[in-house]
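Inside the fold
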Amino acid sequence: MWQPKPMKAFVSNMFRMAKTLDVITLFHKPSLPASVRAQTLLKQASAQASETATEDQASDHSHQNTTVTRDPFELEITEQPPTPDQLKSIFEYVGSGRAGDLVKGAASESDALRKVKQDGTLFTRPVVVDWSAGKAVIGDKDSEILKLLKAQQK
């Protein structure tokens, strides 16, 4: 015989917290073709990661998604330069000795921080950052961006 579930169980399921999405940030400059290409690739990957099968579709449609196979993520696109804390994290993610790659004319990380604080336009764009995975890609290198996106698959 069917018996209703206790109200407590219903309420706890109803208010269950959703998983927080990983955040991937694109430091973007719309006037740069490389930045537009990176934006397009990330938007496509975000849309593919967010797709779900409907009841009338097969449950496995991975053959349709050859670009990115990962959990959905929040795509943040900003034209602002990174904050000093974000820039320090990006330096960690790309490895030492890359200050000049991230900030035009920077000789060191401290020099890069100073330059970006004075003039945010010196920060190189595009830069894609996966904050959860601790990885970043400088430029529009499709294969590296795709590798960054696939690396977070759970």
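Below you will find a few notes about this structure. All residue numbers refer to positions counted from 1 along the written sequence of the respective chain. The model is predicted, so local features are restricted to residues of pLDDT at least 70 and side-chain atom pairs to those at 80 or more, both for listing and for counting; the totals for chains, interfaces and linings are taken over all residues. Working from all heavy atoms in the structure, the side-chain values ignore hydrogens and water.

Take the nonpolar core next. For this analysis, a nonpolar core means a set of buried residues of the types Ala, Val, Leu, Ile, Met, Phe, Trp, Tyr and Cys, connected via side-chain atoms within 4.5 Å. The classification of residues rests on relative accessible area computed with a 1.4 Å probe and restricted to protein chains. Under 20% of the type maximum is buried, over 50% is exposed, and intermediate values are partly exposed. Core analysis: the biggest nonpolar cluster contains 16 residues, and Ile-90, Leu-102, Val-103, Phe-123 and Val-127 have the highest contact counts within it. When contributions to this core are tallied by element, the ones reaching two or more residues are α3 (84-94), α4 (99-102), α5 (109-118), β3 (127-130) and β4 (135-138). Ranked by residue count, the leading element in this core is α3, at four residues. Should any heavy atoms of two residues lie within 4.5 Å, those residues are counted as being in contact. Not counting residues up to four positions away in its chain, the partners in contact with Val-127 are Thr-25, Leu-26, Phe-27, Ile-90, Leu-102, Val-137 and Ile-138. Grouped together as the second largest cluster of nonpolar side chains are 13 residues, Ile-24, Ala-38, Leu-42 and Val-128 included. Only runs of H or I of at least four residues qualify as helices and only runs of E of at least two qualify as strands under DSSP, and these elements are numbered from the N terminus.

As a further point, take the sheet that holds strand β1 (residues 22-27). Through backbone hydrogen bonds, the strands of a sheet pair up, either in parallel or in antiparallel fashion. In short, DSSP must find at least two bridges between two strands for them to pair. The mixed open sheet is built from four strands, whose spatial order is β2-β1-β3-β4. Only two strands of the sheet have a single partner each, and these edge strands are β2 (73-78) and β4. Taking each pair of neighbouring strands and ignoring which way they run, the sheet shows an average axis angle of 15 degrees. Only the contacting stretch of a helix is used when fitting its axis, a line to C-alpha atoms as for every element, and angles between N-to-C directions run 0 to 180 degrees. Relative to the sheet, helix α2 (residues 33-50) contacts β1, β2 and β3, its axis offset from that of β2 by approximately 160 degrees. Against the sheet, α3 makes contact with β1, β3 and β4, and its axis sits at roughly 90 degrees relative to β4, the strand it touches most.

Looking at α5, one finds that the buried residues are Asp-111, Ala-112, Lys-115 and Val-116. Viewed end-on, α5 has its buried residues packed into an arc of 130 degrees, placing them on one side of the element. Structural note: α5 exposes Ser-110, Lys-117 and Gln-118 on the side pointing more than 90 degrees away from its buried face. Buried residues along α5 sit in contact with α3 and α4. Arc definition: directions from the helix axis to the C-beta atoms.

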